[in-house]
Amino acid sequence: MTPCQKEMKMAKDILTRIKTEKKQNLKTALIDEFSVYSIADAQVARIVAQANISRGSFYTYFEDLYDAYEWVFELVMDEIHHDQFATPFEATIRFIADIEVNPYYNFLKKYYQVNESLRNTHINHANATNFAVHTKQNLDTKWWLEMLVSHESIKEAFLQPENTAQIINRLTTVQDLLNQKEG
């Protein structure tokens, strides 16, 4: 474990020990901030005011705004990925069909518009979770393709919401083609 990973784990450990209400207030404040502002334009002052915590507490929990973003991003991703369907495409189609009523819509839209790039630039690429890393791990090709197509389709749905029907049709077509290939 690198020193940076140890520090992040320590921050995460501290966050697991704070009261549920305080943690929820912090989560809400971070989601609200990062739904409106990029990581580069976010301000600790707005976050701590909304979360009703001190600036010192913020820096006890997080090293910086990127660390705070990473924490809340992981929470959002865990919640989004809780639905289990037979295939990744089924989950993706459902997600895209309901995208505008998703409680994290603005957070995720800002992610795809600007924060994804800022986050990827900031993260040590050797530790980043991305498809280049997965290709080195001898993962099942079908699973890898489903994940790649699913994530790119979700990104496209946030950036071009007027194309939702076409995106869902494309996913269905790709799913059918992959199923034919198996048969």
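Not measured: the values here are computed from a predicted model. (Residues numbered from 1 in each chain as written. Predicted model: local features only at pLDDT ≥ 70, side-chain atom pairs only at ≥ 80, totals over all residues. Heavy atoms only, no water.)

S.K.: Just give me the short version of the overall build of the protein, but keep the residues and values in it.
M.R.: A tally of helices and strands in the protein yields 10 helices and zero strands. In the protein, the succession of α and β elements from N to C terminus is α-α-α-α-α-α-α-α-α-α. The buried share among the 183 residues of the protein stands at 40%. Here the analysis covers contacts within the protein between residues at least 6 apart in sequence; of these, 69% occur between residues at least 24 apart. Total accessible area on the protein is roughly 10900 Å²; 52% of this is exposed by carbon and sulfur atoms. (Helix = DSSP H or I, 4+ residues; strand = E, 2+ residues; numbered from the N terminus. Buried < 20%, exposed > 50% of the residue type's maximum accessible area, 1.4 Å probe, protein only. Contact = heavy atoms within 4.5 Å. Areas by Shrake-Rupley, 256 points an atom, 1.4 Å probe, with all protein chains shown as cover.)

S.K.: Run through the nonpolar core, naming residues and quoting values.
M.R.: Counting 45 residues, the largest nonpolar core has Leu26, Leu30, Phe34, Phe58, Phe62, Phe107 and Leu108 as its most contacted members. Here the element with the most residues in this core is helix H5 (residues 65–80); it accounts for nine residues. (Core = buried A, V, L, I, M, F, W, Y, C linked by side-chain atoms within 4.5 Å.)

S.K.: Residue-level account of the packing of helix H2 (residues 20–36) against helix H3 (residues 44–51), with values.
M.R.: Remark: H2 packs on H3, axes separated minimally by 8 Å, with the N-to-C direction vectors making an angle of 140°. Here H2 lies oblique to H3, going by the angle between them. Helix-helix and strand crossings are classified by hand; for H2 and H3 the assignment is right-handed. In contact with Asn25, Leu26, Thr28, Ala29, Leu30, Asp32 and Glu33 of H2, H3 contributes Arg46, Ile47, Gln50 and Ala51. A breakdown of the residues in the contact of H2 with H3 according to their chemical character gives five nonpolar, three polar and three charged. (Axes fitted to C-alpha atoms, helices over the stretch in contact; angles between N-to-C directions. Parallel < 35°, antiparallel > 145°, perpendicular 65-115°, else oblique. Left-handed = near helix turned anticlockwise from the far one by under 90°. Nonpolar A, V, L, I, M, F, W, Y, C, P; charged D, E, K, R; others polar.)

Just distances and angles here, no functional claims.
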